[in-house]
Amino acid sequence: MSWFLWVAIALLAATLVWSLLRHRALRRRLEQYSAAVRRAADGNAPVSGLPSDVAGLEDISNAVAALNAASDFQLSTLESERARLAAVLDQMTDAVLIADPEGRVQFANPAAERFGRGQAIGRSISEVLRHHQLIQAWQRSQESGEMQIESAELPPTRQFVQLIVIPDQYAQGGTLVLVQDLTRVRRLETVRRDFVSNLSHELRTPLASLRALAETLRDGALEDPPAARRFLDQMLIEVDALSQMVAELLELSRIEAGEVTLERKPVMPLELLSSTAARMEIQAQRAGLALRVDCPPDLPQIRVDASRLEQVLVNLIHNAVKFTRPGGELSLLAEATAEGIRFAVKDTGIGIPLDDLPRIFERFYKSDRSRSGGGTGLGLSIARHLVESHGGRIWAESVEGQGSTFYFTIPLHQS
Ligand code: ADP
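The text that follows walks through the structure, step by step, so that each part is easy to find.

The rules behind each value
Residues numbered from 1 in each chain as written. Predicted model: local features only at pLDDT ≥ 70, side-chain atom pairs only at ≥ 80, totals over all residues. Heavy atoms only, no water. Patch = residues over 30% accessible without salt bridge, like charges linked within 9 Å, V, L, I, M, F, W, Y side chains within 5 Å. Areas by Shrake-Rupley, 256 points an atom, 1.4 Å probe, with all protein chains shown as cover. Salt bridge = Lys/Arg side-chain N within 4 Å of Asp/Glu carboxyl O. Helix = DSSP H or I, 4+ residues; strand = E, 2+ residues; numbered from the N terminus. Near = heavy atom within 4 Å. Polar contact = N/O pair within 3.5 Å; in protein donor to acceptor, adjacent residues only side chain to side chain. Nonpolar A, V, L, I, M, F, W, Y, C, P; charged D, E, K, R; others polar. Buried < 20%, exposed > 50% of the residue type's maximum accessible area, 1.4 Å probe, protein only.

To continue, consider a nonpolar patch on the surface. A cluster of nonpolar residues, W3, F4, V7 and L11, forms a patch on the protein surface that exposes about 510 Å² of accessible area. By the secondary structure assignment, V7 is in helix 1 (residues 3-41).

Printed below as a string of structure tokens:
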């Protein structure tokens, strides 16, 4: 054999040994890499710790690293969306519940826990909903597999709720239940309806009188000048009452719409009471009433719109005059309290029934129509709005037959 052949055999043998060694090393790296992937998949090692660019396995290890980065990105997107959804569900005022096909609550947001009065998860949906109409709506949705909407007033709190049951498209037989509190919306609707009906009622009376007076004049009273004059005077009184009502309504709607801006200036409480008393003196005298002011001269100044507060006092004194029999007494008082300066208009009049006390500040409310003395029922609503826009509060105390005291406070420190 020539030396050439020997060299070839030697080279071949060396190549064989080299590739055998290389193959074993590669197999070892592959085994180590798959063990690392398996550990990561089993959750025993962080996926982020997987090596990339493994010698001899560059393609696959880099592909796994890229896959890992992509799934990391998707996971963090999902996580931030989940957190956002959780925050929305937490902050929602509507109750959200998810129930399984057996009607066990699987998920409840904080509003649902409040609605169900305690832990809702794990309880049956009937226990959480409590009201038969709402439970029936949920059952209807279970049977039909369709969305159901139902509303009901819950007896103890008179809370008015709307229930929406939506079949859960991700869980066969499961349901998504939404409970919305519509109490406020319904109350506003009632207020609006009452307002319109009260207004029409209030307008009807003077309009009917005007019509009757005009008809009497047309049908002959015109020929009797003294009677005609009386009728005309009466018509003027009715027109005045209508104009006053329109003016008060406009005033009230302007205040409610926030269109009235207060021009605050420092005022001494005594100054405010004295100037109002001077304005109302004659009216009180005519009604046979004594009007006195009782206010320490050294009370601290308040920053208020003096003309608006005088309007509050005038409205209160006007009522006190109207509802106090001759010989009675009206007092205008002020004193310093923890809440600020507390003003009071006190009378020795007929008083207000206890049941009516909380309602007299509502629009058009008159505690007794027969003795309301032709008022509009708007004066106290206006007073309440004006006091509240100064940051204070207004209320009344009264004993029927003995008199009433209307209080309002004005805080000393206002913006
Ligand atoms: P009105 O124009 O009818 O006086 P208000 O809003 O000023 O309207 O008052 C509402 C109702 O509250 C009155 O109709 C009356 O029944 C009652 N009221 C208010 N002030 C007094 C008072 N000082 N004494 C007795 N009842 C009062």
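Picking up after the structure, the text goes on.
This part is about the site of the ligand. Around the ligand, the structure places 19 residues, and the nearest of them are N319, D347, S367, T376 and L380. Note that an oxygen atom of the ligand is positioned 3.0 Å from one of the backbone N or O atoms of G377. One of the backbone N or O atoms of L380 is found 2.9 Å from an oxygen atom in the ligand. Relative to its free-state accessible area of 530 Å², the ligand is covered by the protein chains to the extent of 98%. If you list the elements that add at least two residues to the shell around the ligand, you get helix 9 (306-322), helix 10 (379-389) and strand 12 (403-410). Sorting elements by how many residues they give to the shell around the ligand places helix 9 first, with three residues. Tallied by class, the residues present in the shell around the ligand amount to eight nonpolar, eight polar and three charged.

On to the pattern of salt bridges. All chains considered together, the criterion is met by 15 salt bridges. A salt bridge links R186 to E153; the nearest nitrogen and oxygen atoms lie 2.8 Å apart. With R186 in helix 6 (residues 183-218) and E153 in strand 3 (residues 148-154), this pair connects stretches of sequence that are 33 residues apart. By relative accessible area, R186 is classed as partly exposed at 35%. Across the pair R292 and D294 runs a salt bridge, and its minimum N-O distance is 3.6 Å.

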